[in-house]
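# Understanding the architecture of this molecule
These are the residues of each chain, in order.
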Amino acid sequence: MKNIAVIGAGTMGNGIAQVFASKGYSVHMVDISEENLQKGMATIAKSLDRMLNKGVINDVDKNQTLANISTFTDLKAAVSKADLVVEAASENLDIKLRIFADLCAYTPPHTILATNTSSISITKIAAATKRPDKVIGMHFMNPVPIMKLVEIIRGYSTSDETTETIISLSEKLDKIPVACNDYPGFVSNRILMPMINEAIIALHEGVAGVAEIDSIMKLGMAHPMGPLQLADFIGLDVCLAILRVLQEGLGNQKYAPCPLLVNMVTAGKLGVKSGEGFYDYSEGAKASKISKMFLK
């Protein structure tokens, strides 16, 4: 594989593009908005600068990584010569189905179509194509350049050849691929999201405050980040979408999202991406503070 296309220039998309480009692959990063592409490239540049300052890479590495990435707003042009496409668009089934139907039409027959979905059925996504054997889940963790895990999810029709190719490719990215089967939330989010939801329920019921809940989980369970802060970094809208996939897909009310989470998403308090969630990330703040809505 030489040519990689990444669909989406957001947090996950630009991170995936950076990782592939840093390993010498030719990357086409595509988004519907030129503004999003510019923001994505700026984020990649900042990430590379941090690595440069830490001595992890040098100037040549940084410049070559950036040179390996081209940006597109035209999906067909971006994927027409791709050996692999990694979709990292919104966590919305309808959007993904439209994208994969287009990808099937626009890419060569040999192209593997991967999705970075964190919870949606690979089998459902593959059904939108005429090559379900070449559709697979390639779930990177955030932040992509740092986190080692890639959760590899086989759909009902995913071939052994496709799976082996993606596992091998993940290893070439210096990632650790771990395979699992296609059930709602897979493994990572089937376990993580109920924990985050329970932390929100504890806050909602007044069991403890934001700082207390996060401190107990960090100090007592050796988590590097508390569940409420982690939810902010994931995006509260993403957390809500995953919980709804779990609730519907598994038919169990234990996955029902906390009303507080629903209200916050409705109010546009999505975490880091919106500047406020359980913590305040407003511009100019020296460090994230507990959101004013939770301060007494």
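Values in this document were obtained by computation on a predicted structure and should not be read as measured data. (Residues numbered from 1 in each chain as written. Predicted model: local features only at pLDDT ≥ 70, side-chain atom pairs only at ≥ 80, totals over all residues. Heavy atoms only, no water.)

Further remarks concern the domain arrangement of the protein. Under the domain assignment, the protein is made up of domain 1 (1–179) and domain 2 (188–287). Using only C-alpha atoms to locate each centre, domain 1 and domain 2 end up separated by 26 Å. Contacts between the two partners involve eight residues from domain 1, matched on the other side by seven residues from domain 2. It is Glu91, Ser118 and Ser119 that lose the most area in domain 1 upon contact with domain 2, and together they represent 58% of the buried surface on that side. Put simply, domain 1 and domain 2 have zero salt bridges between them. Of the residues that constitute the side of domain 1 that touches domain 2, the class distribution is two nonpolar, four polar and two charged. (Domains from an automatic or database assignment. Contact = heavy atoms within 4.5 Å. Buried area = accessible area lost by both parts, 1.4 Å probe. Salt bridge = Lys/Arg side-chain N within 4 Å of Asp/Glu carboxyl O. Nonpolar A, V, L, I, M, F, W, Y, C, P; charged D, E, K, R; others polar.)

The next point concerns a nonpolar patch on the surface. Judged by side-chain polarity, Leu149, Ile176 and Val178 come together as a nonpolar surface patch covering roughly 230 Å² of accessible area. Position of isoleucine 176 relative to the elements: it lies in strand E8 (residues 176–181). (Patch = residues over 30% accessible without salt bridge, like charges linked within 9 Å, V, L, I, M, F, W, Y side chains within 5 Å. Areas by Shrake-Rupley, 256 points an atom, 1.4 Å probe, with all protein chains shown as cover. Helix = DSSP H or I, 4+ residues; strand = E, 2+ residues; numbered from the N terminus.)

Let us now look at the nonpolar core. Side chains of a nonpolar character, in soluble globular proteins, are inclined to be buried together. Counting residues in each nonpolar core, the largest one holds 32 residues, and the members touching the most others are Phe20, Val27, Leu84, Met138 and Phe140. Looking at this core, the element that brings in the most residues is helix H1 (residues 11–22), giving six residues. Those residues in contact with leucine 84 that sit more than four places away from it in its chain are Met1, Asn3, Ile4, Ala5, Phe20, Thr111, Ile112, Ala114, Met138, Ile166 and Leu169. Core analysis: the next-biggest nonpolar cluster, separate from the first, contains 27 residues, Leu236, Tyr255, Leu260 and Leu261 among them. (Core = buried A, V, L, I, M, F, W, Y, C linked by side-chain atoms within 4.5 Å. Buried < 20%, exposed > 50% of the residue type's maximum accessible area, 1.4 Å probe, protein only.)

Moving on, we get to the sheet that holds strand E7 (residues 149–154). Spatially, eight strands are ordered E3-E2-E1-E4-E5-E6-E7-E8 in an open sheet, and the strand pairing comes out mixed. With partners counted over all chains shown, the strands left at the sheet margins are strand E3 (69–72) and E8, one partner each. For this sheet, the mean angle separating the axes of adjacent strands, direction not counted, is 25 degrees. Of the pairings in the sheet, the one linking strand E2 (residues 26–30) to E3 comprises four bridges and is parallel in character. By the bridge assignment, methionine 29 is partnered in E3 with threonine 71. (Pairing = 2+ DSSP bridges. Axes fitted to C-alpha atoms, helices over the stretch in contact; angles between N-to-C directions.)

Before going further, it helps to examine the UniProt feature "domain: 3-hydroxyacyl-CoA dehydrogenase NAD binding" (unreviewed entry) in the protein. Under the present numbering, the feature "domain: 3-hydroxyacyl-CoA dehydrogenase NAD binding" (unreviewed entry) in UniProt falls on residues 3–182. When the span residues 3–182 is considered, its composition is 43% helix and 22% strand, and the gap between its end C-alpha atoms is 27 Å. (UniProt positions renumbered as here; feature names shortened; annotations may be inferred.)

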